[in-house]
Amino acid sequence: MEFGKELVQQISSHEIFSFSLFGINIPVTDTVIVMWIIMAFLAVFSIIFTRRLKLIPEGRQNIVETIVEFINNFTKDTVGHHWEHFAPYIGTIFIFLIISNCISVFAVIPKGEELYRLTHVEFFRNLPDFSIRPPTKDVNTTMCMAVMSIIMVVYAGIRFKGFPGWIKSFVEPIPVVLPMKITEYLIRILSLSFRLFGNILGAFIIMEIVYFLMPAVIPAGLSIYFDLFDGVLQAFIFVFLTSIYIAEAVE
Amino acid sequence: MNSESLIAIAAGAAVAITGMAAAFGIGAATQKAVESAARQPEAANSILRILVLGASLVEATAVYALIIGLIILFTK
């Protein structure tokens, strides 16, 4: 029973601090802070790796060109026509999701309270309750990503079919399908967000149970599957489904 | 039998039954994918891509069961 409480503590997001804006209290949870860390890392990485680009690539430019080429080829294969409009968006969410799903490998870094229990240094006790957990285990994050993807799909439909053509696509084979086509957008948001959220949360819970039962050696092997492989696979599936929806809207 | 153990059984059954069905689904999809990849090795890449898509769609049902199980457990 004690472990159950600890597990609930682990999978719910904690409020670190809050600020008020126009009289509304806005809490900042650890999900947001981990996302800020990832965003800062990606921004610095992008700036450092794209400075002084040369025609003939050498050194670090090779790495960036490999990544960009992979994303371009992937988008070209799945989206088809007009892929160059969507490659930046697809690549951005792909890299972001990979890093935020796989960041749970850093979950072994102990919290301040655990460090205090080990070392009895007073400094660690006063640290806020913060540990790195994947931001995609919070349903708010994945719901935001899914809404962004569906906005992108709607934009693709309007941009390449024109507004009348996009409206017409709702009644395309026969007008009876209109309610289904409208609910399809809502169902896509739900299925995209819950698929990512459920998979990451499931892997996270399993890893927490393993850390609790067998703290040594065995988590290392399972972490490769549950943190790295599952994280990359789910990120891939998310962008794959997004690009299929975009391809359907563009056709 | 008190209500707490009933809740535990309900959450477990939700995940177990749906997980069984999803496992059968993914198994059938993988069987066919392996068969067709063995018959046509040059199409293996596109078969893998379709397999990943289908497996993710099947797996989503198991994930929904997990979420429903968590909701049953934590909203008493």
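On a predicted model such as this, the values are computed, not experimentally measured, just so you know.

(A) Broad picture of the packing of helix α7 (residues 139-168) of chain A against helix α9 (residues 218-250) of chain A. All names here are of chain A. For the pair α7 and α9, the least separation of the axes is 8 Å and the interaxial angle reads 25 degrees. Taken together, the axis directions place α7 and α9 in an arrangement best described as roughly parallel. Handedness of the α7/α9 crossing: right-handed. Listed contacts from α9 to M145, A146, S149, M152, V153, A156, G157, F160 and K161 of α7 are F238, T242, Y245, I246, E248, A249 and V250. Here the residues of the contact of α7 with α9 are counted per class, giving eleven nonpolar, three polar and two charged.

(B) Summary view of the environment of E184 of chain A. Within the secondary structure layout, E184 of chain A lies in helix α8 (residues 178-213). With relative accessibility at 32%, the residue E184 of chain A sits in the partly exposed group.

(C) Highlighting helix α2 (residues 30-49) of chain A. Residues and elements named next belong to chain A. Look at α2: 28 Å from first C-alpha to last across 20 residues, which is about the 28 Å you get at 1.5 Å a residue. Among the residues of α2, those classed as buried are D30, T31, I33, V34, I38, L42 and F49. Elements that come into contact with the buried residues of α2 comprise β1 (15-21), β2 (24-29), α3 (60-79), α4 (87-102) and α7.

(D) The interface of chain A and chain B, seen in detail. Taken together, the contacts link 19 residues of chain A with 13 residues of chain B. Taken together, both faces of the contact between chain A and chain B bury some 1300 Å²; the carbon and sulfur share is 75%. Our enumeration of links across chain A and chain B arrives at one salt bridge. R49 of chain B is the salt-bridge partner of D77 of chain A, the closest N and O atoms lying 4.0 Å from each other. Joining chain A to chain B, the criterion identifies one residue pair in polar contact (both at pLDDT 80 or more). When residues of the side of chain A that touches chain B are traced back to their parent elements, those giving at least two are α1 (2-11), α3, α8 and α9 of chain A. Looking at the side of chain A that touches chain B, the element that brings in the most residues is α8 of chain A, giving nine residues. A per-class count over the side of chain A that touches chain B returns eleven nonpolar, six polar and two charged.

(E) Layout of the side chain of R195 of chain A. Within the element layout of this structure, R195 of chain A appears in helix α8. One buried charged residue, R195 of chain A, forms no salt bridge at all, with the nearest opposite charge on E59 of chain B at 6.1 Å. For R195 of chain A, the side chain forms a polar contact with the main-chain oxygen of S56 of chain B, separated by 3.3 Å. Dropping the residues within four chain positions of it, R195 of chain A is found in contact with Q234, I237 and L241 of chain A together with S56, L57, A60 and V63 of chain B.

(F) Fine view of the nonpolar core. Core analysis: the biggest nonpolar cluster contains 38 residues, and F86, F238 and I246 of chain A have the highest contact counts within it. Every element with two or more residues in this core is listed here: α2, α3, α4, α7, α8 and α9 of chain A together with α2 (44-74) of chain B. At ten residues, α9 of chain A tops the list of elements feeding residues into this core.

(G) Representation of unusual backbone geometry within the structure. Residue and element names in this part refer to chain A. In this model, H82 sits at a positive phi of 60 degrees, which is unusual for a non-glycine residue. Residue position: H82 is located in the loop between α3 and α4. With a relative accessible area of 34%, H82 lands in the partly exposed category.

(H) Spatial organisation of the pattern of salt bridges. Tallied over the full model, the rule gives five salt bridges over all chains. The shortest N-O distance in the salt bridge between K32 of chain B and E35 of chain B comes to 3.8 Å. Of the two residues, K32 of chain B and E35 of chain B are both situated in helix α1 (residues 3-39); the distance of three residues between them amounts to about one turn of the helix. Each of E184, R188 and E248 of chain A takes part in one network of salt bridges that share partners.

Calculation rules
Residues numbered from 1 in each chain as written. Chains lettered and ligands numbered in written order. Predicted model: local features only at pLDDT ≥ 70, side-chain atom pairs only at ≥ 80, totals over all residues. Heavy atoms only, no water. Axes fitted to C-alpha atoms, helices over the stretch in contact; angles between N-to-C directions. Helix = DSSP H or I, 4+ residues; strand = E, 2+ residues; numbered from the N terminus. Parallel < 35°, antiparallel > 145°, perpendicular 65-115°, else oblique. Left-handed = near helix turned anticlockwise from the far one by under 90°. Contact = heavy atoms within 4.5 Å. Nonpolar A, V, L, I, M, F, W, Y, C, P; charged D, E, K, R; others polar. Buried < 20%, exposed > 50% of the residue type's maximum accessible area, 1.4 Å probe, protein only. Expected span 1.5 Å × (residues − 1). Buried area = accessible area lost by both parts, 1.4 Å probe. Salt bridge = Lys/Arg side-chain N within 4 Å of Asp/Glu carboxyl O. Polar contact = N/O pair within 3.5 Å; in protein donor to acceptor, adjacent residues only side chain to side chain. Lys, Arg positive; Asp, Glu negative; His and termini not counted. Core = buried A, V, L, I, M, F, W, Y, C linked by side-chain atoms within 4.5 Å.

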